[in-house]
Amino acid sequence: MNVPVVLMLSTLPDAAAADALAQAALDARLAACVTNLGAVSSQYHWKGVLESSQEVQLLFKTSVARSAELQRFVEARHPYETPEILVWQVDASPGYGQWVNAETQRPLHV
Amino acid sequence: MNVPVVLMLSTLPDAAAADALAQAALDARLAACVTNLGAVSSQYHWKGVLESSQEVQLLFKTSVARSAELQRFVEARHPYETPEILVWQVDASPGYGQWVNAETQRPLHV
Amino acid sequence: MNVPVVLMLSTLPDAAAADALAQAALDARLAACVTNLGAVSSQYHWKGVLESSQEVQLLFKTSVARSAELQRFVEARHPYETPEILVWQVDASPGYGQWVNAETQRPLHV
């Protein structure tokens, strides 16, 4: 039986910021895996002007249980004024879904 | 509270076609942001033969309210006979979701 | 009217493994199109250690009817112990959705 997990997509200004955020989320056990999708180019209106930015896109894989906490974590540490954080639920194959859930267990206080 | 927004994924034959479509959608206020995900390679059967194409992938971010109109716009301007247009709803962080909704307001006729 | 189709995302260790899996799925009519999203870099904990892997990401487009069979096919042929297989349903534009459904018809036994 497939296991629901959560994908979270965000864009960061450069590889260093992306690596730092990915590693912080993994260290906090808020994501089981973070995939750096590499350089992308975004176009958008910002304060009335058409802007174009080179960015780096990250795809976080986390559990349903930890998704809201991961989102707050990413928002708090993201360098942008209005970061793009997009979240949706998907089905994972059983082994992978169980692994995501196990890796994002809240650490015990010892 | 998160805000529902719509992701639309499409593939274009080259960077020039991708840039033109992205900019047209932004100018029409049918998308708040278009991310060029760069070069991809697609394999598929077409009229019975296995084909492989180098393409450029675009990810449009728009509001729920403007999604159907964006889709018609992309279909009408897309250079392919049967363009790939894939649409799904996601949750955006509040600031980003509000920005997407504001940027895709239908312009007032003045 | 849009047509529901299924996206399946997986990561493979290298381009050769990705090409082989994509072509096998297409030959079996379990996917209408497979897009190679190119090189990505994944970070994750594995058996207690923070690992980083260079991988190749594939995005399969298939019908709702053939999605479970595609998933079993990918799991059976994937070189990883615990492959990442992530599945979600999206809406396709009518022409594309009909094409996905037609291309993933189970072959007749003759």
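The rules behind the values
- By convention here, each chain's residues receive numbers from 1 onward along its written sequence.
- As a convention, the first chain written is A and the first ligand written is 1, with the rest following in written order.
- Reporting of local features is limited, given that this is a predicted model, to residues whose pLDDT is at least 70; pairs of side-chain atoms are given and counted only at 80 or more, and all residues count toward the totals for whole chains, interfaces and linings.
- Excluding hydrogens and water, the side-chain values take into account all heavy atoms of the structure.
- Copy-to-copy superposition: least squares on the C-alpha atoms, limited to residues that have pLDDT of at least 70 in both copies.
- The criterion used for residue contact is that any of the two residues' heavy atoms lie within 4.5 Å.
- Per-residue accessibility, obtained with a 1.4 Å probe over protein chains only, is compared with the maximum for each type, and a residue is labelled buried under 20%, exposed over 50%, and partly exposed between these values.
- The helix count covers DSSP runs of H or I at least four residues long, the strand count covers runs of E at least two residues long, and both are numbered beginning at the N terminus.
- Throughout, the arc means that of the directions going from the helix axis to the C-beta atoms.
- What counts as a ring pair is set by centres within 6.5 Å for rings of Phe, Tyr and Trp (its six-membered ring), and what kind of pair is set by the plane angle: stacked under 30 degrees, edge-to-face over 60, tilted for all other angles.
- Buried surface area refers to the total accessible area, computed with a probe of radius 1.4 Å, that the two partners give up upon joining, counted for both partners together.
- By convention in these notes, a salt bridge is any Lys or Arg side-chain nitrogen within 4 Å of a carboxyl oxygen on Asp or Glu.
- Polar contacts, as used here, are pairs of N or O atoms within 3.5 Å; protein pairs need one atom able to donate a hydrogen and one able to accept it. Residues neighboring in sequence count only if both atoms are side-chain atoms.

1. Details of the relation of the copies chain C and chain A
- When chain C is brought onto chain A, the operation consists of a screw motion whose angular component is 120° and whose axial shift is 0.0 Å, with 0.0 Å RMSD remaining. One copy is carried onto the other by what is essentially a three-fold rotation axis. Residue C:L37 of chain C places its C-alpha closer to the rotation axis than any other residue of that unit, at 5.0 Å.
- Here only 5% of the interface residues in chain C have copies in chain A that are interface residues too; the copies meet through unlike faces.

2. As for the relation of the copies chain C and chain B
- Expressed as a screw operation, the relation of chain C to chain B combines 0.0 Å of axial shift with a rotation of 120°, fitting to an RMSD of 0.0 Å.
- Interface overlap between copies: only 4% of the residues of chain C at the interface are likewise at the interface in chain B, consistent with a contact formed by different surfaces.

3. Overview of helix α3 (residues 94-103) of chain B
- When we look at burial in α3(B), the residues that qualify are B:Y96, B:G97, B:W99, B:V100 and B:E103. Considered in projection along α3(B), the buried side chains sweep an arc of 160° and stay on one side of the axis.
- Of the surrounding elements, those touching the buried residues of α3(B) are β2 (33-46) and β4 (85-92) of chain A together with β1 (3-12), β2 (33-46), β3 (49-63) and β4 (85-92) of chain B.

4. Examining the packing of aromatic side chains
- Under the definition given, this model contains 12 aromatic pairs over all chains.
- Ring geometry for A:W99 and C:Y44: centres 6.4 Å apart, planes at 75°, overall edge-to-face. Taken together, the positions of A:W99 in helix α3 (residues 94-103) and C:Y44 in strand β2 (residues 33-46) put the pair across two chains. An identical accessibility class is assigned to A:W99 and C:Y44; each is buried.

5. A word on the interface of chain C and chain A
- Residue-level contacts link 19 residues of chain C with 28 residues of chain A.
- Interface area, chain C with chain A, both sides summed: about 1,800 Å², of which 55% is carbon and sulfur.
- Counting the surface chain C buries against chain A, the share from its top three residues, C:Q43, C:H45 and C:L86, is 32%.
- Taken together, the connections running from chain C to chain A amount to one salt bridge.
- Between C:E84 and A:K61 there is a salt bridge, and its shortest N-O distance comes to 2.9 Å.
- There are eight residue pairs in polar contact (both at pLDDT 80 or more) connecting chain C and chain A.
- Of all elements in the fold, only β2, β3 (49-63), α2 (67-77) and β4 (85-92) of chain C reach the threshold of two or more residues within the side of chain C that touches chain A.
- Considering every element that reaches the side of chain C that touches chain A, the biggest residue donor is β2(C), with seven residues.

These results come straight from atomic positions and should not be treated as a statement about function.
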